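# Notes for the structure review
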2 protein chains.
Amino acid sequence: MNLLLLDRTEIDADNVATITDVRARHIRQVLGAEPGRALRIGLIDGPAGTGTVVAIDDRQVRLACTFDEARPPLPRVDLLLALPRPKVLQRLWAQIAALGVGRILLTNAARVERHYFDTHVLDEATYRPLLIEGLQQARDTRVPRVSVHRQFRVLVEDDLDRLCPQATRLLADPAPDSSGDACDALETARTTSDARVLLAAGPEGGWNDFERRLLISRGFQPFSLGPRTLRSDTACIALLTLVHAALSSPRPRPRG
Amino acid sequence: MNLLLLDRTEIDADNVATITDVRARHIRQVLGAEPGRALRIGLIDGPAGTGTVVAIDDRQVRLACTFDEARPPLPRVDLLLALPRPKVLQRLWAQIAALGVGRILLTNAARVERHYFDTHVLDEATYRPLLIEGLQQARDTRVPRVSVHRQFRVLVEDDLDRLCPQATRLLADPAPDSSGDACDALETARTTSDARVLLAAGPEGGWNDFERRLLISRGFQPFSLGPRTLRSDTACIALLTLVHAALSSPRPRPRG
C-alpha cells in the first residue's frame, strides 16, 4: 500500500479521518507508524494529500488530513475487454487499476462462455475493493468506471461513441496486415494533449472474423504484440503497458 | 496450446510421436482432430515443425513429425529476478516463458523473506511443466534456463559475468535520476545483432540502497516504468514487454 485511500464519509468536519479496518492494521503493523508520522493519502476520486497520525491504538488510527488542490489526471487509456474467465478477472482487477485505466468495458464475444457472466467477480462489492487495492499500489485515486455489456454488437455500434467519445481506437490483433497505422495513431494521440486511447483486447482464442471486422469498421486500428501469442491476462497487462509507454514517451532525442 | 511440444524420447526412429497424456486429450477434445489433421509441433529445445495425425483413439495419439532445419532463436532477454512469494512465482513461470527469456536467475535480496526459498515452486518438477505451458502458448521451443542464487552479492560480483556475458544490463528502478542512458543502451542493443539484455527486477518493496548501488557499479543502468508503482509480478510482465518491444521496434520512420 503506497497510498492510503480514504472515503469522504470517513473524514469529519475538522479534516480528521478515523479508520478501523485492514488499513489501520497496515499502518500499525507494516508501517509501524506512531503519532506525528506523515502518510501519503488520497481521497477516493479526489485529490492526493498527507495524513499525519494524531492518535493510534489497537482499535483505530486517526489522521489529520490535508489535500492537494487538484486531483490526479484520469489515466488516458480505456479498456474494452472481452470478459475473461472469473478466476482470471479476479486476478486482473487490481492489476488493471494499478496500470491505469479510465474505464473498463467488459463485453461478450463469440469466444466468451456465457456462464462467465454469472459470477460474483462482476459484482461491484467484489471488484471495487480490488480496484482500490490496485490504486493504493499505484498511488492513484481515480477509480476506473466499470460497465458490463452482454451484447457486443449493440455496444460497438450504439454505445461506444457515447461512452468513449473521440478516442484513438486500437485493436490488439495477433496478426494484423500492418501495425503502421496504429503506430501513427498512437503518435498522434501522444502529441495531442488530453487525447484518449480506447484499447480493445479479445478473449482467449481471439475475436472472431465478424467481431474483428466490426471493430475495424468502427475505427479500431489493428496492431500486434509481436510473434508470441500470450494468454489473455498476460496480453492485457502487456498491452496496457505498451500503450501507456507510447503515450508518455519523450519525443525522440537527436542522436550524435 | 498453440504449439504442441514433444520430448525427443517420445519420437521413434520413423519420426512418429506417440503421446498419451493431457496433450492427447487436448488434441481429441479441444482440437477435435482426426487422422490427416496437421498440427503445429515443436521439439523441446529443438526446431518447430508439423505433426500429422496418423492414428487417434481414447488411449493415445500418433503423429508423423517433420521438423524445420533450424530451431527458433533464443529470446534476447535474460531476467534477474528477486525471488517472489511462492504463490506469485507459481503464477509467473508460464507468463515469463510465454513473454520469452533465455535465462531466469532467481536471487535473494534484503526484502526477500528467507522462507520463500523453501518451496516446491523452486523444484524443477514443479516449474518445468509451467515453463513448457508458457512456451506452448507462445509457440516457442526454447526452455528458459533457471538458476537459484541465495547470495545476491556472490551472484552479482562473481557469477554474473560468466552466466550472462556481454549483456546490456538494465535495472528497473521506480525513481532513477535519469532513464536516458538506459534508453541509449537499449537502442544500441536493438541495432546490434545478437546483443542480449539482462534485466534486473527487484522484490516487492524494491532493492535496498546497497543492492541498487552494487548493481549500478556492475554496469546496470537504471530506468523507470513511470510514476505508477506496480506489484512485483505485474512489474515483471510490464518490464519484459517493454524490453522486448524496444528490441524489436522498427527504426523510427521519417515523418512527413
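Residues numbered from 1 in each chain as written. Chains lettered and ligands numbered in written order. Predicted model: local features only at pLDDT ≥ 70, side-chain atom pairs only at ≥ 80, totals over all residues. Heavy atoms only, no water.

## Thoughts on the overall build of chain A
Put simply, the test is: Secondary structure elements are defined from DSSP: runs of H or I of at least 4 residues count as helices, runs of E of at least 2 residues count as strands, and each element is numbered from the N terminus. Classification of residues uses two cut-offs on accessible area relative to the type maximum, computed with a 1.4 Å probe and protein chains only: under 20% is buried, over 50% is exposed, and between them is partly exposed. Contact criterion: two residues are considered in contact whenever any of their non-hydrogen atoms come within 4.5 Å of each other. Here the open area of atoms and residues is found with the Shrake-Rupley method and a 1.4 Å probe, where only the protein chains shown may cover a residue. Charged residues are defined narrowly, with Lys and Arg counted positive, Asp and Glu counted negative, and His plus the chain ends left uncounted. A charge is said to be at NZ when it belongs to Lys, at CZ for Arg, at CG for Asp and at CD for Glu.
Within chain A, the regular secondary structure consists of seven helices and 11 strands. Judged by the C-alpha coordinates and their principal axes, chain A covers about 60 × 55 × 35 Å. A total of 256 residues make up chain A; the buried ones form 53% of that total. Look at the contacts in chain A between residues 6 or more apart in sequence, and 73% of them connect residues 24 or more apart. Within the structure as shown, chain A displays about 12300 Å² of accessible surface, and the carbon and sulfur contribution to it stands at 48%. Separation between the mean location of the 34 positive side-chain charges and that of the 32 negative ones in chain A comes to 3 Å.

## Quick word on the interface of chain A and chain B
Basically, it comes down to this: Buried area, as used here, totals the accessible surface that two parts lose on assembly, with accessibility defined by a 1.4 Å probe and the loss added over both. Each salt bridge in this description consists of a side-chain nitrogen of Lys or Arg and a carboxyl oxygen of Asp or Glu lying within 4 Å of one another. Pairing of N or O atoms within 3.5 Å defines a polar contact, subject to two protein rules: one partner must be a possible hydrogen donor and the other a possible acceptor, and residues neighboring in sequence count only if both atoms are side-chain atoms. Polar here means any residue other than Ala, Val, Leu, Ile, Met, Phe, Trp, Tyr, Cys and Pro, which are nonpolar, and Asp, Glu, Lys and Arg, which are charged; Gly is therefore polar.
Listed by partner, the interface residues are 34 residues for chain A and 34 residues for chain B. Overall, the association of chain A and chain B removes approximately 2500 Å² of surface from exposure, summing both partners, and the carbon and sulfur fraction of that is 49%. When the area that chain A buries against chain B is broken down by residue, the three leading residues are Gln137, Arg228 and Thr229 of chain A, summing to 24%. Arg228 of chain B is paired through a salt bridge with Asp140 of chain A; the nearest N and O atoms lie 3.0 Å apart. Taken together, the connections running from chain A to chain B amount to 16 residue pairs in polar contact (both at pLDDT 80 or more). Contributions of two or more residues to the side of chain A that touches chain B are made by α2 (86-99), α3 (124-138), α5 (180-190) and α7 (232-248) of chain A. A per-element tally of the side of chain A that touches chain B places α7 of chain A first, with seven residues. Classifying every residue of the side of chain A that touches chain B gives 14 nonpolar, eight polar and 12 charged.

## Remarks on the sheet that holds strand β6 (residues 77-82) of chain B
Residues and elements named next belong to chain B. In plain terms, the rule: When DSSP locates at least two bridges between a pair of strands, those strands are taken to pair. The axes used here are C-alpha line fits, helices contributing only the stretch in contact, and every angle between their N-to-C directions lies in the interval 0 to 180 degrees.
Spatially, the six strands line up as an open sheet ordered β8-β7-β6-β10-β9-β11, and their pairing is parallel. The strands lining the two open edges of the sheet, one partner per strand, are β8 (145-149) and β11 (221-223). Neighbouring strand axes in the sheet, compared pairwise and without regard to direction, differ in orientation by 20 degrees on average. Here five bridges tie strand β7 (residues 103-107) to β8, and the two strands are oriented parallel to one another.

## Let's talk about the pattern of salt bridges
The full count for this structure, using the stated rule, is 28 salt bridges over all chains. Across the pair Asp233 of chain B and Arg231 of chain B runs a salt bridge, and its minimum N-O distance is 2.9 Å. A network of salt bridges, in which partner residues are shared, links Glu10, Asp21 and Arg23 of chain A.

## Regarding the environment of Ser224 of chain B
Residue and element names in this part refer to chain B. The residue Ser224 is located in the loop between β11 and α7 (232-248) in this model. Here Ser224 falls in the partly exposed class, since its relative accessible area comes to 24%. Residues Ser224 and Thr241, 17 residues apart in the sequence, show an inter-C-alpha distance of 14 Å. A polar side-chain atom of Ser224 sits 2.8 Å from the main-chain amide nitrogen of Gly226.

## Quick look at the relation of the copies chain A and chain B
The condition is simple: In this comparison the copies share one frame, found by least squares on the C-alpha atoms of residues holding pLDDT of at least 70 in both.
With an RMSD of 0.0 Å, the fit of chain A onto chain B corresponds to turning through 180 degrees and sliding 0.0 Å along the axis. Interpreted geometrically, this transformation is the action of a two-fold axis. Considering only C-alpha atoms, the part of chain A nearest the rotation axis is Ala238 of chain A, at 2.9 Å.

## Here we look at α7 of chain B
Let me state the cut-off plainly: Expected span, for any helix, means 1.5 Å times one less than how many residues it has.
If you check α7 of chain B, its first and last C-alpha atoms are 24 Å apart, about what 17 residues at 1.5 Å a residue would give, namely 24 Å. The buried count for α7 of chain B comes to 13 of 17 residues, which makes it a mostly enclosed element.

## Structural notes on unusual backbone geometry
Residue and element names in this part refer to chain A. We note that Arg139 has phi near 65 degrees; this positive angle belongs to a residue other than glycine. Within the fold, Arg139 resides in the loop between α3 and β8 (145-149). Phi at Gln166 is positive, roughly 55 degrees, even though this residue is not glycine. Among the secondary structure elements, Gln166 is positioned in the loop between α4 (152-163) and β9 (167-172).

## Considering the sheet that holds strand β11 (residues 221-223) of chain A
Residues and elements named next belong to chain A. Reading across the sheet, the six strands line up as β8-β7-β6-β10-β9-β11 and stay open at both edges, with parallel pairing between neighbours. The open sheet is flanked by β8 and β11, the only strands paired with a single partner. Ignoring which end each strand starts from, the neighbouring axes of this sheet average 20 degrees apart. Where β9 and strand β10 (residues 196-201) come together, five bridges link them in parallel fashion. Bridge pairing in β10 places Leu170 opposite Leu199. The strands touched by α2 within the sheet are β6 (77-82), β7 (103-107) and β8, with β7 carrying the most contacts at an inclination of about 160 degrees. Together, β6, β9, β10 and β11 form the strand contacts of helix α6 (residues 209-217), whose direction differs from that of β9 by roughly 160 degrees.

## Description of the domain arrangement of chain A
All names here are of chain A. Going by this rule: The split into domains, and so the bounds of each, comes from an automatic or database assignment of domains.
What the domain assignment lists for chain A is domain 1 (4-67) and domain 2 (77-248). Computed from C-alpha coordinates alone, the two centres of domain 1 and domain 2 are separated by 33 Å. Taken together, the contact between domain 1 and domain 2 spans 11 residues of the former and nine residues of the latter. Around 690 Å² of area is buried between domain 1 and domain 2 when both sides are counted, 53% of it from carbon and sulfur atoms. The interface formed by domain 1 and domain 2 contains four residue pairs in polar contact (both at pLDDT 80 or more). If you list the elements that add at least two residues to the side of domain 1 that touches domain 2, you get β1 (4-6) and β3 (38-43).

## Considerations on the nonpolar core
Defined as follows: Remark: nonpolar core denotes a set of buried residues (Ala, Val, Leu, Ile, Met, Phe, Trp, Tyr, Cys) joined through side-chain atoms within 4.5 Å.
Counting residues in hydrophobic clusters, the biggest one holds 137 residues, and the most contacted among them are Trp93 of chain A together with Trp93 of chain B. With residues up to four places along the chain from it excluded, the contact list for Trp93 of chain B reads Ile104, Leu106, Val121, Leu122, Tyr127, Leu130, Leu131 and Val146 of chain B.

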